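An overview of the molecular structure
These are the residues of each chain, in order.
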Amino acid sequence: MEALRLDISVPLRSFRLELALAVGAETVALVGPSGAGKSTVLRTVAGLVRPERGEITLGDTTWHSSARGIRLDPDERAVGLVFQEYALFPHLTVRQNVAFGGKARVDELLERFRITHLATARPGSLSGGERQRVALARALAREPQVLLLDEPLSALDAETKTAVRGEMHELLHELALPTLLVTHDFADAALLADRIGVIVDGSLVQEGHADEILARPASAFVASLTGANVLSGTARSHGDITEVVLDSGASVFSTDTAIGRVGVAIHPWDISIAREAATDSALNHVRGPVTSVFALGNRVRIGVGGLAGEVTRESAERLGLREGEIVVASFKATATRLLPQT
Amino acid sequence: MLARKQLFPAGLGLAALATATFLALPLIAIYTRVPIGRLVDQLGSRVVVDALVVSVKTTVIAQLLILLFGTPTAYLLATRRFRGRSLAITLIELPLVLPPAVAGIGLLAAFGRVGMLGGALTFLGWQVPFTQAAVVLAVAFVASPLYVRQAIASFEAVDPTLVDASRTLGAGEARTFARIVLPLAAAGLAAGTALAFARGLGEFGATIMFAGSLQGRTQTLPLAIYAEFDSNFDTALAIGGLLVAVSAVLLLSLKLGFRWKRSDSTSASRFAPSA
């Protein structure tokens, strides 16, 4: 298995994409807000965008090198690029779409992706999940040595997405190809990728395992990208503990040390919801009416005083949580991260 | 007495009726002036058959040349951005608005015996004016902009993401063009072909100046109408009726062609890298 290495610089409209990355037989997810330059990374690796400067290599093969004046065309690079909207050829059948990538393994791939029964159908008549499987089969028919996935789950409805995410995780593991995956959804990245790189305005601001990024986000922005509650306020030290006076006037406490303006990040699952403030170890309590109740599978997300806490559906029912009810959201000082505010 | 608020719709209706009548009347007159049977008989006359052969032959050859050169030209103009592109497109469109007489005199000035290329052509033993080649050139000159314009629009309408997908799946530019771009633009290209064919078939002004009106050699159907109308009005009418029918069929097939289902995927801007 050959590793993909890239070190590229691409000018975009309002900023410059600068990225250096090495991907072995693993899945690396690039996560960032839309417009951060994530898709451009994939298009550059595939040869559809020419970097202003840089180098892209796969093992000993150079795909692009500004210094040496090498630039392979997209069709000369062994990439499988799965486009965000799948880009299936509307005038070809499913079988012809897959065979367009390569004729050798068409039957096997149709079988592998459970689309044999759709072989003579045209893309226009397929569901989102089916289109996605055809797009994957077609990309793999090319026998790629690098797999590039552009928001592979974003065109799917929530229900299909959960199922497809599981299948895709299995597939990526089984393929063991250097895979670059682009998504704006941290949860997708966490479930599919071995490593995550957070891209903001064209630069890699943090890289690591999902757990590391969740536990120690590099900034308030990264924290919000992971789905954490992010508040801002002014920190001052009380010896072992830091008090942050939030912009809303309330105070919260954290075991992190910081002074001055900070972002405060708390993950929804670190927040517990109760009718009355419990006399447990949690130091932080925010009392207020429930502003929103939103079911997410077997969990329920409860909005209280600008925070979102997650409880199980059972707890939500037991507490009778409804909008307008006064509740207390509690979280520990040890689960409260203080972060630089950018 | 019409109510005030009915005046406007009534006005619209009257204007539409007048327009339709005015446009349809000459066409109806062609078929009603003499019995249809007589018209059909006239189609067998020597003049008509000769003109039909010249028309079909020259228009088909001109159309093939238009497809052969116009298609790559249109693809180039649709997919590349370069300095002078707008100028090139304007130049290609110019014959559309040029008076036919200007086209005729221009062709003579370029390919005539004393024209720009006249010396070279005479040297090669080629006499262009007043030959069938001249008819072909005149038809190609006036009809090609209709095809090229339509072809540029059709190529631009092909989702660039599909072209990108084809390239990443290992197809080079040529294979991508043949397997993806051409089939997806086919309906539009067919429409352009029908338009150009209809225009070419009706070409009159440039042809009569540049190719003359020699029966059996350069006399096309429209030229035959002109040649016959004072000596043999029925023959002229018959040719007119034939051309109306052919034009109607072309227009109809054009409209049906446009109903073809188009690509259902989304497109993105082609020339700016999207983030």
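Residues numbered from 1 in each chain as written. Chains lettered and ligands numbered in written order. Predicted model: local features only at pLDDT ≥ 70, side-chain atom pairs only at ≥ 80, totals over all residues. Heavy atoms only, no water.

**Brief notes about the pattern of salt bridges**
All names here are of chain A.
- The full count for this structure, using the stated rule, is 32 salt bridges over all chains.
- Note that E167 is salt-bridged to R114, the shortest N-O span being 3.4 Å. Of this pair, E167 sits in helix α5 (residues 158–175) while R114 sits in the loop between α3 (106–112) and α4 (128–141); the two residues are 53 residues apart in sequence, bridging distant segments of the chain.
- Salt bridges here are not isolated pairs; linked through shared partners, they connect K161, R165, D185 and D188. (Salt bridge = Lys/Arg side-chain N within 4 Å of Asp/Glu carboxyl O. Helix = DSSP H or I, 4+ residues; strand = E, 2+ residues; numbered from the N terminus.)

**Focus: the side chain of S166 of chain B**
- Inspection of the secondary structure assignment puts S166 of chain B in helix α8 (residues 160–168).
- Here the side chain of S166 of chain B touches T176 of chain B through a polar contact of 2.7 Å, side chain to side chain.
- Beyond its immediate chain neighbours, meaning those up to four positions away, S166 of chain B contacts F89 and F100 of chain A together with A171, T176 and I180 of chain B. (Polar contact = N/O pair within 3.5 Å; in protein donor to acceptor, adjacent residues only side chain to side chain. Contact = heavy atoms within 4.5 Å.)

**Some details on the packing of aromatic side chains**
- Applying the stated criterion to the full structure yields seven aromatic pairs over all chains.
- Put simply, the rings of Y75, F155 and F177 of chain B pair up and form one aromatic cluster.
- Against the face of F89 of chain A rests R138 of chain A, its NZ or CZ located 4.6 Å from the ring centre.
- The positively charged end of R175 of chain B is found above the aromatic ring belonging to F100 of chain A, 4.5 Å away from the centroid. (Phe/Tyr/Trp six-rings, centres within 6.5 Å; stacked < 30°, edge-to-face > 60°. Lys NZ or Arg CZ within 6 Å of the ring centre and 35° of its normal.)

**Brief notes about the packing of helix α3 (residues 46–79) of chain B against helix α9 (residues 173–201) of chain B**
All names here are of chain B.
- Running from N to C, α3 and α9 point in directions that differ by 140°, and their axes come no closer than 10 Å. For the element pair α3 / α9, the angle class is oblique. Along this stretch, α3 crosses α9, giving a crossing that reads as right-handed. When α3 is examined against α9, the residues S55, T59, V60, Q63, L67, T71 and Y75 are found in contact with a partner set consisting of F177, V181, T193, A196, F197, G200 and L201.
- Considered class by class, the residues forming the contact of α3 with α9 number eight nonpolar, six polar and no charged. (Axes fitted to C-alpha atoms, helices over the stretch in contact; angles between N-to-C directions. Parallel < 35°, antiparallel > 145°, perpendicular 65-115°, else oblique. Left-handed = near helix turned anticlockwise from the far one by under 90°. Nonpolar A, V, L, I, M, F, W, Y, C, P; charged D, E, K, R; others polar.)

**Quick word on helix α1 (residues 38–46) of chain A**
Residues and elements named next belong to chain A.
- A large share of α1 lies buried, amounting to nine of its nine residues.
- Residues of α1 that are buried include every one of K38, S39, T40, V41, L42, R43, T44, V45 and A46, and no others.
- Remark: G47 follows α1 within two positions and exhibits a positive phi of approximately 95°. (Buried < 20%, exposed > 50% of the residue type's maximum accessible area, 1.4 Å probe, protein only.)

**What about the sheet that holds strand β20 (residues 326–331) of chain A?**
Residues and elements named next belong to chain A.
- Pairing within the open sheet is antiparallel, and its five strands lie in the order β16-β20-β17-β18-β19. Each edge of the sheet is formed by a strand with only one pairing partner; in this case those strands are β16 (272–274) and β19 (307–312). Going from strand to strand, the sheet's axes swing by 45° on average, the running direction of each strand aside. (Pairing = 2+ DSSP bridges.)

**Quick look at the domain arrangement of chain A**
Residue and element names in this part refer to chain A.
- Here the domain parsing of chain A yields domain 1 (4–220) and domain 2 (221–339).
- Counting from both sides, the interface comprises 15 residues of domain 1 and, opposite them, twelve residues of domain 2.
- Summed over both partners, the interface of domain 1 with domain 2 buries about 1,100 Å², with 74% contributed by carbon and sulfur atoms.
- Considering only the side of domain 1, the residues that lose the most area to domain 2 are L214, P217 and A220, jointly responsible for 50% of the buried surface there. (Domains from an automatic or database assignment. Buried area = accessible area lost by both parts, 1.4 Å probe.)

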